[in-house]
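Listed here are the chains, written in short residue letters.
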Amino acid sequence: MAEISSTSSSDRMPWRFLLPVLAGIVLGCAVLDPLITHGLAWSNPSFGAAKVHRLFTELHPDEVAIIGSSRADGSYVPELIHPAAWNYGIEETGYDVTRMILGQELAKPKLGPVIINFDHTFFSPYQPSIAHFIPEVRQAAVAECFAQRLHWYNHLPTLRYFGVMDEYVKAFLSKYASGTVQSNGGIFVNNAAPPEELAGMVQRRNATRHAWIPHPKEEQAWIDLLASTKRTLVVVVAPYHPAYLQAETNPAAVQEYLGRMEALPHVHVVDLSAMPLPDSCFQNTTHVNWAGAVRFSKELRSHLNALELLPIVQE
Amino acid sequence: MLFNSFEFICIFFPLVTGLYFLLPQRWRWLLLLVASCWFYMTFVPVYILILAFTIGVDYFAGLWIERSEGRKRKLLLTASIIANVGVLAFFKYFNFLNESIAEVVRGLGFHYGVPDLGIILPIGLSFHTFQSLSYTIEVYRKHQAAERRLGIFALYVMFYPQLVAGPIERPQALLPQFHARRRFNADDFQYGLTRMAFGFFKKVVVADRLAPYVDAVYADIPGSNGLTILVATVFFAVQIYCDFSGYSDIAIGAARVMGFRLMENFRRPYLSTSVSEFWSRWHISLSSWFRDYLYIPLGGNRVVKWRWYYNLFIVFLVSGLWHGANWTYVIWGGLHGTYLVAALVLRPATDRLGRALPGLLTRAFGHLSTFTLVTLAWVFFRATTAGDAMLGLRKMVTMQGAWQVGNGHVATSMFHFFGCTAVIGLLLLSGKLPMDLRVRHPRTFVTTTVLLILLLGRNGGDFIYFQF
């Protein structure tokens, strides 16, 4: 077949088009990044990204930090526990992230206690949304904790937020949502689960069983981390619905590990997992709602006061 | 490797394009062939052997057909068709046929012992098989000279932009382009990137935003109310258009950057005023393939009326089966065949009505009825089973269930519903752009589109048509 030509005599080179486009994109990204970070990601103090930012960049010497998973986020009403308490609970966090957050908190020049919510599934693998951590990706602890999940583009302005913008928009809008109550970092669902819905969840719980699965390496590393500080650490187990506890096949293993933590001289365990609460205080079998959070937080405060673990409030 | 992956956008595409222009002309075909092999092998590497088989068979078939005459020529073409369709049938339809036969045999109370082979469909098999087939048919018809260079022919079948989901090219259009001596062309480069940017917008911003909503509803048809299914079906109509035409835009753009011209695959199909017009605007490369290689050989419309209708119906039935080995696709194709036959039967009456009504009203009715019919057919295309599709249709028509959007799944929450609606709004706004995407300020267009993708895009998955 004879060769044919479809050439052009155009002498323009690719950069005549590419350079302005790339410059526009770089400029756009540079402008948009702080807008997204400040205007959306950190806009709601109850959103994980704002909590992580506060944890890594702010120092509040008298603050009582409450850390843990979504059960911490939605169960501890900081203002009812202590005026200087701040809820750092982030949904879907387990051992890895809690360890990183506790490590960061303990590295601060503070003396006050830390309240750690401890779940019965604490050592199970959880994957919190990376959206909470992207704005702080330059922090060595974050980079190390999320090394497996971070991509190179997570370090570039605006590009780093690709795919997670929804979560920031939701967090921004949730400031104005009517179904939730927010207090010092905590976010609480107002409504209880409708009785028939909760009955369905209870039925599903009754039909399944779950157990404390031993993670010897992680369990020891966690004990070592707790032992590495002299600050008072209060390990609290927030309430579960009775159906959840009944579905547990080896509750003794949980108690045994709580005992291991309590054996440390500066660690106190407050187990309120079986605190009696009516169904109207639950949004599901593992999370309380606002009413449940209020009752639990008051109960926790009285426990902590009795143990004289909270700093005295200066009038 | 997906087009919408960072590996493609940031490494593969710039590297291949850059090297293409840096290399001397005589090595370029080799670069493209190696790149295409690499591109394909990032999916299931061993399946490259299937492509090699197809390429080998059709390369030699082409040469031998060209040299032969009469019965031998026809025999060679038949052998090539059997080899191509055989591969397609085995990998795509064996499980389907096996399951269908098993159901019938077991229904009759007999034992059926042929096991399910668990075959994984090679990506884009239907596309490159059809492209390769068109070559041997065109050589047979003496519309195309047989390609002497095996590498160039392999590249014709494997050219990476259109390897896995088309457009299904014809040898007359594509083969000469691989022989052409070309230099960098700034217009092609600029236009190619513009097309790619818009394709990514359609896929990453629109289709991938709609997908979770549609998936959540179609995974739970029994638990979804009529209104939610209706919304999900309309969303699916937009999703599949943006997913597939987005892919085509990226393919056309990626090829154009290097100076290659691929055929258009979509021309705003939802603006059609009839189903027949829809098929001249939707997946044009496939519908024209069926027209040239099935409909016309069957006799087309140059036959008695009933045979014409039969030809049309058969073509759409086969087109449905081409899309997937499932009865839902067959029904989808059958529905479109029925629409077209019905339109032909009713044409005298609709023509009279059209003349009696104002033009604007006729056009509006045409748009609305076409979109409705096409969308109804999508229910079968998207549903997992025909039973689910029928249930979904029944619920939609009777508006069964609560009068609210969403089925309790988080992906169908009001937040996501409004997100989906917003991106559809953006897509409608893009209707203001010229159809050929020859925008006045391409630099601004590409910059804005990329920023929109970064802000509104989602980490989506495969393109829908990859499974075909």
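What you see is a predicted model; the values in this text were computed from it and never measured. (Residues numbered from 1 in each chain as written. Chains lettered and ligands numbered in written order. Predicted model: local features only at pLDDT ≥ 70, side-chain atom pairs only at ≥ 80, totals over all residues. Heavy atoms only, no water.)

Let's shift gears to the overall build of chain A. Helix and strand counts for chain A come out as 12 helices and 7 strands. The C-alpha extent of chain A, read off along each of the three principal axes, is 90 × 45 × 45 Å. Taken across its 315 residues, chain A has 51% of its residues classed as buried. For chain A, the accessible surface area stands at approximately 14700 Å², while carbon and sulfur atoms represent 57% of it. One finds the centroid of the 23 positive side-chain charges in chain A at a distance of 3 Å from the centroid of its 30 negative side-chain charges. (Helix = DSSP H or I, 4+ residues; strand = E, 2+ residues; numbered from the N terminus. Buried < 20%, exposed > 50% of the residue type's maximum accessible area, 1.4 Å probe, protein only. Areas by Shrake-Rupley, 256 points an atom, 1.4 Å probe, with all protein chains shown as cover. Lys, Arg positive; Asp, Glu negative; His and termini not counted. Charge placed at Lys NZ, Arg CZ, Asp CG, Glu CD.)

Moving on, we get to unusual backbone geometry. If a residue is not glycine, its phi is most likely negative; likewise, a peptide bond is most likely trans. Residues and elements named next belong to chain B. Cis geometry marks the peptide bond from Gly 166 to Pro 167, where omega comes out at 5°. By the secondary structure assignment, Pro 167 is in the loop between helix H6 (150-158) and helix H7 (171-179). Even without glycine at this site, Met 399 takes up a positive phi of about 50°. Its location among the elements puts Met 399 in the loop between helix H16 (386-398) and helix H17 (414-429).

A separate point is the nonpolar core. In terms of nonpolar packing, the biggest core is built from 207 residues, with Phe118(A), Tyr168(A), Trp222(A), Met261(A) and Trp378(B) touching the most fellow members. With residues near it in sequence (within four places) discarded, Phe118(A) still touches Arg71(A), Phe123(A), Trp212(A), Trp222(A), Val235(A), Val236(A), Val237(A), Tyr257(A), Leu258(A) and Met261(A). In terms of nonpolar packing, the next biggest core, distinct from the first, is built from 26 residues, Ile66(A), Leu304(A), Leu309(A) and Leu310(A) among them. (Core = buried A, V, L, I, M, F, W, Y, C linked by side-chain atoms within 4.5 Å. Contact = heavy atoms within 4.5 Å.)

Here the focus is the layout of surface pockets. Residue and element names in this part refer to chain B. Of the volumes computed, that of the second largest pocket is approximately 1300 Å³. Lining the second largest pocket are 39 residues, with Ser 274, Val 275, Ser 276, Leu 340 and Ala 343 sitting closest to its centre. Listed by contribution, the elements that provide at least two residues to the lining of the second largest pocket are helix H10 (275-278), helix H11 (284-295), helix H12 (305-323), helix H13 (327-345), helix H14 (347-356) and helix H15 (359-382). Classifying every residue of the lining of the second largest pocket by side-chain character gives 21 nonpolar, 14 polar and 4 charged. (1 Å grid on protein atoms, 1.4 Å probe; cavity = no way out; pocket = protein on both sides within 12 Å on 5 of 7 lines; lining within 4 Å. Points joined across faces, edges and corners; volume = space filled by probe spheres on them. Nonpolar A, V, L, I, M, F, W, Y, C, P; charged D, E, K, R; others polar.)

Sheet strands line up and pair through hydrogen bonds in the backbone, either parallel or antiparallel. Residue and element names in this part refer to chain A. The 5 strands lie next to each other as S2-S1-S3-S6-S7, forming an open sheet whose pairing is parallel. Both outer strands of the open sheet, strand S2 (85-87) and strand S7 (267-271), are each paired with one neighbouring strand and no more. Here the average twist between neighbouring strands, direction ignored, is 20°. (Pairing = 2+ DSSP bridges. Axes fitted to C-alpha atoms, helices over the stretch in contact; angles between N-to-C directions.)

Another aspect to go through is the interface of chain B and chain A. Counting residues at the interface gives 33 residues for chain B and 34 residues for chain A. Note on chain B versus chain A: buried area summed over both sides is about 3200 Å², and carbon and sulfur give 67% of it. For the interface between chain B and chain A, the tally reads 2 salt bridges. Here Arg458(B) makes a salt bridge to Asp166(A), at a shortest N to O gap of 2.7 Å. The tally of links between chain B and chain A comes to 3 residue pairs in polar contact (both at pLDDT 80 or more). For the side of chain B that touches chain A, the element with the highest residue contribution is helix H18 (residues 442-456) of chain B, accounting for 9 residues. Taken together, the residues of the side of chain B that touches chain A sort by class into 17 nonpolar, 9 polar and 7 charged. (Buried area = accessible area lost by both parts, 1.4 Å probe. Salt bridge = Lys/Arg side-chain N within 4 Å of Asp/Glu carboxyl O. Polar contact = N/O pair within 3.5 Å; in protein donor to acceptor, adjacent residues only side chain to side chain.)

Residues and elements named next belong to chain B. One pass over the structure, following the stated rule, counts 84 aromatic pairs over all chains. Here Tyr 270 and Phe 371 contribute two aromatic rings whose centre-to-centre distance is 5.2 Å and whose plane-to-plane angle is 80°, an arrangement assigned as edge-to-face. Note that Tyr 270 is positioned in the loop between helix H9 (226-257) and H10 and Phe 371 in helix H15, a separation of 101 residues in sequence. Relative accessible area serves as the criterion here: at 24%, Phe 371 is assigned to the partly exposed category. A cation over an aromatic ring shows up here: Arg 182 above the ring of Phe 260, its NZ or CZ 4.4 Å from the ring centre. (Phe/Tyr/Trp six-rings, centres within 6.5 Å; stacked < 30°, edge-to-face > 60°. Lys NZ or Arg CZ within 6 Å of the ring centre and 35° of its normal.)

A few words now on the packing of helix H1 (residues 6-22) of chain B against helix H2 (residues 25-41) of chain B. Residues and elements named next belong to chain B. Between H1 and H2, the shortest axis-to-axis distance is 9 Å and the interhelical angle comes to 165°. In this view, H1 runs roughly antiparallel relative to H2, as classed from their interaxial angle. Seen from above, H1 lies across H2 with right-handed handedness. When H1 is examined against H2, the residues Phe 8, Phe 12, Val 16, Leu 19, Tyr 20 and Phe 21 are found in contact with a partner set consisting of Arg 28, Leu 31, Leu 32, Ala 35, Trp 38 and Phe 39. Its residues assigned to classes, the contact of H1 with H2 shows 11 nonpolar, no polar and 1 charged. (Parallel < 35°, antiparallel > 145°, perpendicular 65-115°, else oblique. Left-handed = near helix turned anticlockwise from the far one by under 90°.)

So far we have only geometry, and geometry alone does not tell us how the molecule works.
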